[in-house]
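Secondary and tertiary structure notes
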Amino acid sequence: MRTAEPAALRSSGGGPDRATFLELFFDLVYVFALTRISARAFEDLVLEGGQTGWSAVTGGGKTLLLLLALWAVWQGTAWTTSRYDPHHLWLQVIVITALISAMVMGVAIPRAFSHSGLIFATAYVVAQVSRPAILVLVLHKQQYRRLKLRMLITFCATGVLWLAGALLPGSARVVLWTTALLLEYLAARFGWPLPGLGRSTVSRWDIHGEHLAERYQQIFLVALGETILLAGLSFTRSSTSPGMVVAFAVALATSVLLWRIYVQRAGQILGEAVTRAAHPATIGRSAADTHLVMVIGVVATAIGYELVIEHPAGHNELPWMAVVLGGPAVFLAGRARFEYEVFGRVSPSRLVGIAALLLPVPLLVRLAPLVAAILAAVVLTAVAVADARRAWGRPPEEAATPF
């Protein structure tokens, strides 16, 4: 543990700096938080009689809003430990604060739009405000402090919207929370601009690229672990039937395929792509958006597991198709962008796979959910085989990022 000022990390500084045990502990909280996201979506789709039409859209939108808030806390913490020494005492305080806040947010997720809204909003605001506040106090270099001061002012302003929204009912809460998240995203996108304090150019940020790449890989594994956990819990929750056994096997196969498609090969060499880029922070920010898309796809796929395992031969509905087939399609869309970030190209198999998942939806609505899950596994298998054939007998492909 270090108590001196946390020096900014540079991508050229020595070898790779691995994630600390505290950061991995922080990630474990997200396994729980993502299961709460899935439980909320499953409750909307099944336990409360199912949602159709506009109700399904609004329910899914609310759940997505909560997931984006969780992602904002994780991403802000990951970027901080990738810019500054994660072994420093105050950096560890930041991670522990984010860890506790994420845990509280996870507990509040199922009822965040009813009686747990203030708990969720308070935990989120504490995580987002404490991070720049601590860094403003412990950093002494002016160029670092000005950025953190702009971030602190921004999060204090949006924090008012979060807390005010928590005190309001229904649609007003959704509007204020959505506005707050949008303002935070735009502020980060444009370098946290504020009148009189200027703005930052993200491409010039000092960042340890390999550390940040490893953190993205780890959060994807966390999402993938959540799919395994949810499939297992769904399978053991009630008495088994032949259809449930098949659905469980398909779920496990799909998880393995998602892992295989991710790591072959862009997922293995993201760190190399980031460090080779002329502006590592630029590709790091792009990879953040890409991994968010892939995580959303994986979480939606996990919700589909739960639906199919518990209702393998039930009556299919369009909202169910949105997670059973839409989840893998969203993952492939994110994976296509990920491939472009690392190699500067997009394999046709990604686009063909997305089309093969979405085009049969009108027909599959009339069939059992298990049929749709099997189709998703078949399509992902075809994509994984196409990746393997492209790499067969050739030397490992090196990163060729366009950034």
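Residues numbered from 1 in each chain as written. Predicted model: local features only at pLDDT ≥ 70, side-chain atom pairs only at ≥ 80, totals over all residues. Heavy atoms only, no water.

The name recorded for the protein in an unreviewed UniProt entry is Low temperature requirement protein A, from Micromonospora aurantiaca.

A closer look at the packing of helix H3 (residues 89-108) against helix H4 (residues 117-138)
At a minimum axis separation of 8 Å, H3 and H4 run at an interaxial angle of 170°. As the angle between them shows, H3 and H4 are arranged roughly antiparallel. Counted together, Trp90, Leu91, Val93, Ile94, Thr97, Ala98, Ser101, Val104, Met105 and Ala108 of H3 and Ile119, Phe120, Ala123, Tyr124, Val126, Ala127, Ser130, Arg131, Ile134, Leu135 and Val138 of H4 form the full contact between these two elements. Grouping the constituent residues of the contact of H3 with H4 by class yields 17 nonpolar, three polar and one charged. (Axes fitted to C-alpha atoms, helices over the stretch in contact; angles between N-to-C directions. Helix = DSSP H or I, 4+ residues; strand = E, 2+ residues; numbered from the N terminus. Parallel < 35°, antiparallel > 145°, perpendicular 65-115°, else oblique. Contact = heavy atoms within 4.5 Å. Nonpolar A, V, L, I, M, F, W, Y, C, P; charged D, E, K, R; others polar.)

Thoughts on the side chain of Thr290
By secondary structure assignment, the location of Thr290 is in helix H10 (residues 280-310). For Thr290, a relative accessible area of 0% translates into the label buried. Here Arg337 takes part through its side chain, which lies 2.8 Å from a polar atom of the side chain of Thr290. For Thr290, the residues in contact, after removing those within four places along its chain, are Gly334, Arg337, Phe338 and Glu341. (Buried < 20%, exposed > 50% of the residue type's maximum accessible area, 1.4 Å probe, protein only. Polar contact = N/O pair within 3.5 Å; in protein donor to acceptor, adjacent residues only side chain to side chain.)

Overview of the packing of aromatic side chains
A complete count under the given rule lists 13 aromatic pairs for this structure. Each ring, one from Phe113 and one from Trp177, has its centre 5.4 Å from the other, and the planes form 50°; the classification is tilted. Placement of the pair is Phe113 in the loop between H3 and H4 and Trp177 in helix H6 (residues 170-189), with a sequence separation of 64 residues. Accessibility classification places Phe113 together with Trp177 in one group, the buried group. Taken together through their ring pairs, the aromatic side chains of Phe113, Phe120, Tyr124, Trp162 and Trp177 make up a single cluster. The residue whose ring lies beneath Lys62 is Phe113, and the NZ or CZ to ring-centre distance is 5.6 Å. (Phe/Tyr/Trp six-rings, centres within 6.5 Å; stacked < 30°, edge-to-face > 60°. Lys NZ or Arg CZ within 6 Å of the ring centre and 35° of its normal.)

Concerning the pattern of salt bridges
Counted according to the given criterion, the structure contains 15 salt bridges. Between Glu397 and Arg345 there is a salt bridge; the shortest N-O distance is 2.6 Å. On the criterion of sequence distance, the pair formed by Glu397 in the segment after helix H15 (369-391) and Arg345 in the loop between helix H12 (326-343) and helix H13 (348-358) is long-range, its members being 52 residues apart. Overall, the relative accessible area of 33% leaves Glu397 in the partly exposed class. On the accessibility criterion, Arg345 (26% relative accessible area) is partly exposed. One network of salt bridges, in which partners are shared, links Glu339, Arg345, Arg350, Asp387, Arg390 and Glu397. (Salt bridge = Lys/Arg side-chain N within 4 Å of Asp/Glu carboxyl O.)

Details of the nonpolar core
Residues Tyr30, Phe120, Tyr124, Trp162, Trp177, Phe331 and Val342 are the most contacted members of the largest nonpolar core, which totals 115 residues. No other element matches H10, which puts 15 residues into this core. Within the second largest apolar cluster, eight residues are counted, among which are Tyr84, Leu91, Ile134 and Leu135. (Core = buried A, V, L, I, M, F, W, Y, C linked by side-chain atoms within 4.5 Å.)

Details of the packing of helix H7 (residues 209-236) against H10
Relative to each other, H7 and H10 sit at 5°, their axes nearing to 8 Å. Taken together, the axis directions place H7 and H10 in an arrangement best described as roughly parallel. In terms of residue class, the contact of H7 with H10 is built from 19 nonpolar, four polar and three charged.

Quick word on the UniProt feature "transmembrane region" (unreviewed entry) in the protein
Those places that UniProt annotates as "transmembrane region" (unreviewed entry) correspond, in this numbering, to residues 21-39, 59-77, 89-113, 119-139, 242-262, 283-305 and 367-386. Within residues 89-113, the helical portion is 80% and the strand portion 0%, while the C-alpha atoms at the span's ends are 36 Å from each other. (UniProt positions renumbered as here; feature names shortened; annotations may be inferred.)

Description of the confidence of the model for the protein
Looking at the protein as a whole, the pLDDT averages 89, with 92% of positions reaching at least 70. Across the protein, H3 holds the top mean pLDDT of 97, while helix H9 (residues 270-276) sits lowest at 86. Note on residues 7-16: pLDDT under 50 across the span, and 27 contacts to partners over four residues away in sequence or across chains. (pLDDT = per-residue confidence, 0-100.)

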